[in-house]
Amino acid sequence: RIHDAEKALEAFAQDRELNLIRAKLLLSMHEVVRGKALLETLGDSRHDSRLQDLQLDLYLQQGDYQNALAMLDNRLTEAPQWSDIALYAHLLHKFGASALADQFYQAAQARLSVKQIKDYAWLELQRGIIDLENEQYPAARIHFALANQIYPGHWLIEEHLAETLALLGDSTEAKPIVTGK
């Protein structure tokens with residue numbers, strides 16, 4: 001199916017908007033070489049946030065964290081979106097700055113509207129993961145429970161909540177989450 005979609009997009013090779021979609025599709029499928037080649041034909045990304053998003057994705061997929069962090073730093077000083085703040089938090093955590101990452105996740109949460117409740121749950125999940133990885137199980141439980149309350153039934157939230165409950169020795173509460181009974 002991906003190849004059918006790509007062929008359809010190739011029929012309009014000169015259409016910049018469709019090439020943006022095509023580059024995003026290629027990068028989302030981890031076709032880094034082809035995605036990068038197409039991205040390079042789309043011009044300068046300094047004034048186009050969509051191109052910046054693709055360039056940032058490319059940096060991350062290539063493991064070029066220095067350029068990814070530099071790009072995020074620029075975006076955070078100009079007009080930070082909650083997703084930029086969350087990605088920056090993710091990278092901070094990845095490089096061992098968990099406490100600072102948690103602060104950035106909180107800052108991202110503060111930028112959300114009521115309509116973005118699922119995003120809030122996702123950020124709570126990320127904060128719980130930080131606590132879980134740092135063996136702060138009671139704090140992780142609080143984050144996962146809140147995420148589960150906001151977005152009940154999501155498998156990833158439930159998986160982390162059950163794992164945390166088991167680590168806390170609460171198998172009675174963890175078992176129904178795992179078994180669905």
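That block above? That's the structure.
(A) Main features of the packing of aromatic side chains. Following the criterion strictly, the structure yields 3 aromatic pairs and no others. Plain terms: the ring middles of Tyr65 and Phe95 are 5.4 Å apart, the flat faces sit at 75 degrees to each other, and that makes the pair edge-to-face. Of this pair, Tyr65 sits in helix α5 (residues 65–78) while Phe95 sits in the loop between α6 (82–94) and α7 (98–110), and the two are 30 residues apart along the sequence. Summarising the aromatic geometry, the rings of Tyr88 and Phe104 are spaced 5.0 Å apart at their centres and angled 55 degrees between planes, so their arrangement reads as tilted. Of this pair, Tyr88 sits in helix α6 while Phe104 sits in helix α7, and the two are 16 residues apart along the sequence. Judged by its relative accessible area of 15%, Tyr88 is buried. Residue classification places Phe104 among the partly exposed positions, given a relative accessible area of 24%.

(B) Structural context of the nonpolar core. Grouped together as the largest cluster of nonpolar side chains are 19 residues, with contacts concentrated most on Trp82, Ala86, Tyr105, Ala108 and Leu123. Those elements that place two or more of their residues in this core are α4 (49–61), α5, α6, α7 and α8 (117–133). Broken down by element, the residue count for this core peaks at 7 residues, all from α6. Once residues within four sequence positions are removed from consideration, Ala86 is found in contact with Tyr105, Ala108, Trp122 and Leu123.

(C) Representation of the pattern of salt bridges in the model. Following the criterion strictly, the structure yields 8 salt bridges and no others. Close ionic contact of Arg50 with Glu17 constitutes a salt bridge, the shortest N to O distance being 2.6 Å. Within this pair, whereas Arg50 is found in helix α4, its partner Glu17 is found in helix α2 (residues 16–28), the two being separated by 33 residues in sequence. Asp53 is the partner of Arg75 in a salt bridge, and the nearest nitrogen-oxygen pair spans 2.6 Å. Here Arg75, found in helix α5, pairs with Asp53, found in helix α4; they are 22 residues apart in sequence, far enough to count as distant. When salt bridges that share partners are traced, they join Asp53, Arg75 and Asp84 into one network.

(D) Quick peek at unusual backbone geometry. With a phi close to 60 degrees, His30 is a non-glycine residue in the positive phi region. If you trace the backbone, His30 turns up in the loop between α2 and α3 (32–40). Using a relative accessible area of 59% as the deciding quantity, one classes His30 as exposed. A positive phi angle is found at Glu135, which is not glycine, with a value near 60 degrees. Mapping Glu135 onto the fold places it in the loop between α8 and α9 (137–150).

(E) Expanded view of the packing of helix α10 (residues 155–167) against helix α11 (residues 171–179). At a minimum axis distance of 8 Å, the contact between α10 and α11 shows a crossing angle of 150 degrees. Relative to α11, the element α10 is oriented roughly antiparallel. Judged by the sense of rotation from one axis to the other, the crossing of α10 with α11 is left-handed. On the side of α10, the interface is formed by Glu158, Leu161, Ala162, Leu165 and Ala166, while α11 contributes Glu173, Ala174, Ile177 and Val178. Within the contact of α10 with α11, the residues separate by chemical class into 7 nonpolar, no polar and 2 charged.

(F) Molecular detail of the layout of surface pockets. The computed volume of the largest pocket comes to approximately 350 Å³. Together, 15 residues line the largest pocket, and Lys24, Arg50, Asp53, Leu54 and Asp57 are the ones closest to its centre. Broken down by secondary-structure element, the contributors of at least two residues to the lining of the largest pocket are α2, α4 and α6. By residue number, the principal contributor to the lining of the largest pocket is α4, which donates 6 residues. Grouping the constituent residues of the lining of the largest pocket by class yields 7 nonpolar, 2 polar and 6 charged.

Criteria and thresholds
Residues numbered from 1 in each chain as written. Predicted model: local features only at pLDDT ≥ 70, side-chain atom pairs only at ≥ 80, totals over all residues. Heavy atoms only, no water. Phe/Tyr/Trp six-rings, centres within 6.5 Å; stacked < 30°, edge-to-face > 60°. Helix = DSSP H or I, 4+ residues; strand = E, 2+ residues; numbered from the N terminus. Buried < 20%, exposed > 50% of the residue type's maximum accessible area, 1.4 Å probe, protein only. Core = buried A, V, L, I, M, F, W, Y, C linked by side-chain atoms within 4.5 Å. Contact = heavy atoms within 4.5 Å. Salt bridge = Lys/Arg side-chain N within 4 Å of Asp/Glu carboxyl O. Axes fitted to C-alpha atoms, helices over the stretch in contact; angles between N-to-C directions. Parallel < 35°, antiparallel > 145°, perpendicular 65-115°, else oblique. Left-handed = near helix turned anticlockwise from the far one by under 90°. Nonpolar A, V, L, I, M, F, W, Y, C, P; charged D, E, K, R; others polar. 1 Å grid on protein atoms, 1.4 Å probe; cavity = no way out; pocket = protein on both sides within 12 Å on 5 of 7 lines; lining within 4 Å. Points joined across faces, edges and corners; volume = space filled by probe spheres on them.

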